[in-house]
Amino acid sequence: MDSVWKCRPAIATRLLMLACMVEMLARPATAQRTHSSSSAPQYNFAAVRAYINKTIAEKQLPSVSVAVARDGKIIWEEAFGWADREKMIPATPGTVYALASLTKPYTSTGVMELVEQHKIDLDHAINEYLGSAPLTAIVGGASGATVRRVLCHTSGLPIHSVNLLGNGDQVPPMADTIRRYGTLVNPPGQYFDYSNLGYGALGYMTSLVSQLDWKDYMRDKVFLPLGLLHTSVGIGPGLEDYAVARYDNGNRRLPAFAADTPGASTIWSSAHDVVRFGMFQLKDHLPVQQAILTDATLDLMKEPATGGVPSAGTMLGRKSYGLGWFIDPDDHGYTVLSHEGAGLGATTTLEIFPTEDLAIVVLINQGIDEDDLVDIVQHIAAAILPKYAEALKAGAPAPPQSASPSLKTQLPPLAELVGTWAGTARTWQGSVPLTITVQPDGDVHVKLGDQLETLLTTVPPFIKERRLVGMFTGTMPTPDVKNYADKVGLTLSLRDGRLIGEALAFNTMDFDPYAGKPEFTISFYVELTKKSPAQ
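Owing to the predicted nature of the structure, the values given are computational and were not obtained by experimental measurement.

Undergrad: What is the right way to look at the overall build of the chain in this model?
TA: The helix and strand inventory of the chain stands at 14 helices and 25 strands. Considering the chain as a whole, with its 535 residues, one finds that 54% of them fall into the buried category. Once local pairs closer than 6 in sequence are excluded, the contacts in the chain between residues at least 24 apart make up 65%. Carbon and sulfur atoms make up 54% of the accessible area of the chain, which amounts to about 23300 Å² in all.

Undergrad: Even after reading the chapter, I still don't get the side chain of Thr177, so can you show me in this structure?
TA: Structurally, Thr177 can be placed in helix α6 (residues 174–181). Of the residues examined, Thr177 reaches a relative accessible area of 0% and is grouped as buried. Once residues within four sequence positions are removed from consideration, Thr177 is found in contact with His160, Pro172, Gly182, Leu197 and Asp260.

Undergrad: Explain the pairing of strand β13 (residues 326–331) here, please?
TA: Within a regular strand, side chains alternate between the sheet's two faces. Where strand β12 (residues 320–321) and β13 come together, two bridges link them in antiparallel fashion. Paired with Tyr321 across the bridge in β13 is Phe326. The turn joining β12 and β13, which pair antiparallel and follow one another in sequence, is formed by four residues; a positive phi near 105° is taken by Gly324. As paired strands, β13 and strand β14 (residues 334–343) are joined by four bridges and run antiparallel to one another. Of the residues in β14, the one forming a bridge with Asp331 is Tyr334. Turn length for the β13-β14 hairpin, with the two strands adjacent in sequence and antiparallel, is two residues, and the turn residue His332 shows positive phi of about 55°.

Undergrad: Looking at this model, I keep getting lost on the packing of aromatic side chains. Mind explaining?
TA: The description of an aromatic ring pair uses the distance of the two centres, along with the angle that the planes make with each other. Counted under the stated rule, the structure contains 12 aromatic pairs. Pairing Tyr43 with Phe45 gives two aromatic rings, centres 6.2 Å apart and planes at 40°, and the pair type is tilted. Aromatic side chains Phe192 and Tyr321 sit 5.7 Å apart centroid to centroid with 50° between the ring planes, which places their arrangement in the tilted category. Taken together, the positions of Phe192 in the loop between β8 (183–184) and α7 (196–210) and Tyr321 in strand β12 put the pair 129 residues apart, joining distant regions of the chain. On the basis of relative accessibility, which here comes to 1%, the residue Phe192 falls in the buried class.

Undergrad: Which parts of the structure should I look at to understand the sheet that holds strand β11 (residues 267–270)?
TA: If you walk across this open sheet you meet the three strands as β5-β11-β9, and the pairing is antiparallel. Strand pairing shows two members of the sheet lacking a second neighbour, β5 (96–98) and β9 (232–233), which therefore form its edges. As defined by bridge partners, β5 adjoins β11 across three bridges and the pair is classed as antiparallel. What sits directly across from Tyr97, in β11, is Ser269.

Undergrad: What is the right way to look at the packing of helix α12 (residues 370–384) against helix α13 (residues 386–394) in this model?
TA: A pair of packed helices is characterised by two quantities: the angle between their axes and the separation of those axes. Between α12 and α13, whose axes approach to 5 Å, the crossing angle comes to 130°. Taken as axis vectors, α12 and α13 run oblique relative to one another. For the pair α12 and α13, the crossing hand works out as left-handed. From α12, Gln378, Ala381, Ala382 and Ile384 reach across to α13, where they touch Pro386, Tyr388, Ala389 and Leu392.

Undergrad: Teacher, can you tell me more about helix α10 (residues 271–281) here?
TA: Owing to its 3.6 residues per turn, the α-helix aligns residues three or four sequence positions apart on the same side. Taking burial as the measure, the 11 residues of α10 include 10 buried ones, the bulk of the element. Residues of α10 that are buried: Ala271, Asp273, Val274, Val275, Arg276, Phe277, Gly278, Met279, Phe280 and Gln281. Phi turns positive one or two residues past the end of α10, at Lys283, with a value near 65°.

Undergrad: Looking at this structure, I do not really get the pattern of salt bridges. What am I missing?
TA: Summed over all chains, the structure comprises 14 salt bridges. For the salt bridge of Asp123 with Arg148, the shortest nitrogen-to-oxygen distance reads 2.8 Å. Of the two residues, Asp123 sits in the loop between α4 (103–116) and β6 (136–137) while Arg148 sits in helix α5 (residues 147–151), which places them 25 residues apart along the sequence. Take Asp123: its relative accessible area is 46%, and that puts it in the partly exposed class. Among the salt bridges present, the one from Arg219 reaches Asp220, with a minimum N-O distance of 2.9 Å. By relative accessible area, Arg219 is classed as partly exposed at 37%.

Undergrad: So what exactly am I meant to see when it comes to the environment of Trp214 here?
TA: Looking at the secondary structure, you find Trp214 in helix α8 (residues 214–223). With 48 residues separating them along the chain, Trp214 and Pro262 place their C-alpha atoms 8.6 Å apart. Sequence-distant contacts of Trp214, defined by excluding residues within four places in its chain, comprise Thr103, Thr107, Gly203, Thr206, Ser207, Val233, Pro262, Gly263, Thr266 and Ile267.

Undergrad: Even after reading the chapter, I still don't get the side chain of Gln378, so can you show me in this structure?
TA: Its place among the elements puts Gln378 in helix α12. Look at Gln378 and you get buried, because its relative accessible area is 16%. Those residues in contact with Gln378 that sit more than four places away from it in its chain are His332, Tyr388 and Leu392.

Undergrad: Looking at this model, I keep getting lost on the confidence of the model for the chain. Mind explaining?
TA: Low pLDDT means the predicted coordinates in that region are not meant to be read closely. Averaged over all residues, the pLDDT of the chain is 84; the fraction at 70 or higher stands at 81%. Every residue in residues 1–30 scores below 50 in pLDDT, and together they form 18 contacts with partners more than four places removed in sequence or on other chains. In this model, residues 399–410 is a region of pLDDT below 50 whose contacts with residues beyond four sequence positions or in other chains number 15 contacts.

Undergrad: Help me understand unusual backbone geometry, please; the structure alone is not making it clear to me.
TA: Of all residues except glycine, most have a negative phi; of all peptide bonds, most are trans. Within the chain, Gln60 stands out as a residue other than glycine whose phi angle is a positive 55°. Mapped onto the secondary structure, Gln60 falls in the loop between α3 (46–59) and β2 (63–70). Among the residues examined, Gln60 registers a relative accessible area of 49% and is labelled partly exposed. Positive phi is not limited to glycine here, since His332 has a value of about 55°.

Undergrad: Honestly, the packing of α4 against α7 in this entry has me stumped. Any pointers?
TA: Closest axis-to-axis distance for the α4/α7 pair is 10 Å, and the angle between their directions is 35°. In the crossing of α4 with α7, the sense of the turn from one axis to the other is left-handed. Between α4 and α7, the residues in contact are Lys104, Thr107, Ser108, Val111 and Leu114 and Asn196, Tyr199, Leu202, Gly203, Met205, Thr206 and Val209, respectively. The residue makeup of the contact of α4 with α7, split by class, is six nonpolar, five polar and one charged.

Undergrad: Explain the pairing of strand β3 (residues 73–84) here, please?
TA: Burial analysis of β3 places 11 of its 12 residues in the buried class, the great majority of the element. Pairing geometry for β2 and β3, over eight bridges, is antiparallel. For Ser65, the partnering residue across the bridge sits in β3 and is Ala79. Taking the residues that link successive antiparallel strands as the turn, the β2-β3 hairpin has two residues, and the phi of Asp71 there is positive, at about 55°. Taken together, the two bridges between β3 and strand β4 (residues 89–90) define a ladder with antiparallel strand orientation. Looking across to β4, one finds that Trp82 is bridged to Pro90. Between β3 and the antiparallel strand that follows it, β4, lie four residues; Met88 among them carries a positive phi value of about 55°.

Calculation rules
For every chain, the first residue of the written sequence is number 1, and numbering continues from 1 along that sequence. Thresholds applied to this predicted model are a pLDDT of at least 70 for local features of residues and 80 or more for the giving and counting of side-chain atom pairs; totals over whole chains, interfaces and linings are not thresholded and use all residues. The side-chain quantities take in all heavy atoms of the structure and omit both hydrogens and water. Numbered from the N terminus, helices here are DSSP runs of H or I no shorter than four residues, and strands are runs of E no shorter than two. With a 1.4 Å probe rolled over the protein chains alone, any residue whose accessible area is under 20% of its type maximum counts as buried; one over 50% counts as exposed, and the rest are partly exposed. We call two residues in contact whenever any of their non-hydrogen atoms come within 4.5 Å of each other. Residue-level accessible areas treat just the shown protein chains as cover; the underlying method is Shrake-Rupley with a 1.4 Å probe. One bridge is not enough; two strands pair if DSSP finds at least two bridges between them. Note on aromatic pairs: the rings of Phe, Tyr and Trp (six-membered ring only in Trp) are paired at centre separations within 6.5 Å, and the planes decide the class, stacked below 30 degrees, edge-to-face beyond 60, tilted for the rest. Between the N-to-C directions of two axes lies an angle of 0 to 180 degrees, each axis being a line fitted to C-alpha atoms and, for a helix, fitted only over the stretch in contact. In these notes the angle categories are as follows: under 35 degrees is roughly parallel, over 145 is roughly antiparallel, 65 to 115 is roughly perpendicular, and the rest is oblique. Left-handed is the label given to a crossing in which the near helix is rotated counterclockwise from the far helix by less than a right angle, and right-handed is the label when the rotation is clockwise. Only one rule defines a salt bridge in this text: a Lys or Arg side-chain nitrogen within 4 Å of an Asp or Glu carboxyl oxygen. Scored between 0 and 100, pLDDT is the confidence that the predictor attaches to each residue. Throughout this entry, Asp, Glu, Lys and Arg are counted as charged residues, while Ala, Val, Leu, Ile, Met, Phe, Trp, Tyr, Cys and Pro are counted as nonpolar. The remaining residues, Gly among them, count as polar.

What follows is the structure in C-alpha cells.
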C-alpha cells in the first residue's frame, strides 16, 4: 500500500480531497464572528450552537444564520450549514436570505420617512396617494382606510398571497393588483386582518409620492443611509454570489419565483444587516447610520395601533400590532417587538427587547414550523437574559383541557343565521352567484356559481360571535385562480341583516414548482341576504 501512495501522489491527493468533501457534507459548515471587549459582559453561546446544530441535523435544514446585538454592539454572529448545498457554499453572517414578511418593518420605515417630511399623513385615506389605482369599498367607505390602518392591518383589506414561478406566469404591475383585488372586505377599523395586499399598496404609494421606483427608494432612503450594504429588494446587483439557494420542505432546490406585492415580502438581507436594522430601531445611533427617522417616530411605530380590534383569524392572540411590528407585552417577562417571515424557502425573524437594548436575528433558507424558529430564538434569549431563562425553565401553565370541536357545530347555530342566504362573490371579472343554507342542526350547504353544492366545514366559536367561518371544495372562476386553487374559505359577519365578508380562494396542495403549481391565496368580497328560513 505504501508503494501505491509513493508512486501515485496525484491519486492520493484526490482521494484525500474526496475524504474531506465527504466529511464536510456530513457535517454542516460554520462561519462565526464573535464580538467582545474586556469591559463587555461575556456570554456563552455554546449551548445555543449545539442546539442549532441539533436542529439542523434533525430537521435537515440547509442553513441557519444568527446575529445578536446588545447595548449598541454586535455580540455574536454565526452561520451554520449551507447557503447552497449543491455548490457546497457555506453560509456566513454576510449571506443574504429572502426575508419574506420580515420585509414589512422596512416598508413601514420607508413610509414613515415620507410622513416626517409631511408628504404623507398617517390619518388621511391611502386613496389620496394611490393615483389611478385606488382601493374600492362597498361597505364602510374607503375614506376610513387610512395610511395608519393599512400599516397596522385594520383597513379592511383582506389576506392576499401570490407567488409566481416565472414559468410563463407574469407578475402584474402593482397598480393592476390593487385594481383587481384592492376591495375592502370589512369596514375599516373593525378587524385586524393581516394583509400582504395592504403592504403592497404601501410600497406602491411610496413610489408614487417619492417619484422613485420602490426598490430605488428603499435603497437610497433606507438601506444605504443605514449602512445596509447586503440588503436589497430582490437580489440586488452585485449580491448574486451572496444569495442563498431556497429549498422546499422536501429539501428540493426551489426555482426563482416572485411575489405580486413587493412591499410585503421581497427584501433580501444578511443576518449582519438585519441586526443592524434592529439596532437602528432600538435607537442605538450607530456612527455609520444616518438618523433617517427621529426617536419619536421610532417610538410611534412600536405603539399598539390595533387597540381592542379583534383579529379576523388567530394571528394576534395576546399580541397587538404597531406600524410594522408585532408587540408581545409578556414574552417570559419582557415586552418584545418582532416580525417574522414565513414562506417558500424562507423562515426569518427579528426580535427586539427595548428594555434590554437587545436584538436577535434568525434567518433560514427553508420553510420550517414556527415552533422550531421560536425555540432557537428562546435559546438565544435565555443565554443572554437570566430572568428570561428562569421563566423559560419554569414553563407556561398548561392550558385547560377541553374537547376538540367536531366539524359540525356542537352548539345550536345562532338563530339569526339559520336559513338560506343568496348573493354574490365579487371578482375583478364580474360577480359569481353564491348561496349558503344554514341548517338548524348546524350543517351549512354552499353552492358557488354552477359548481356542485357542497358542505361548509364550520368552526363553532365563530358562529357564536355572529360570524360564519369555514371552507369548502371549489374554486373561483377567474383565470388567475381556477387553474391553481382548489378550496374556498368563507369569513362572513352578520351586519345589518346581511352576511358580509370574503371568499378566500387558495391552494391546499403543497406548493410544487416541479408540477407548475404556484402559491395562491386571493380574496373576493361577498355579500348575501337571507331569502328564506331553513327547512
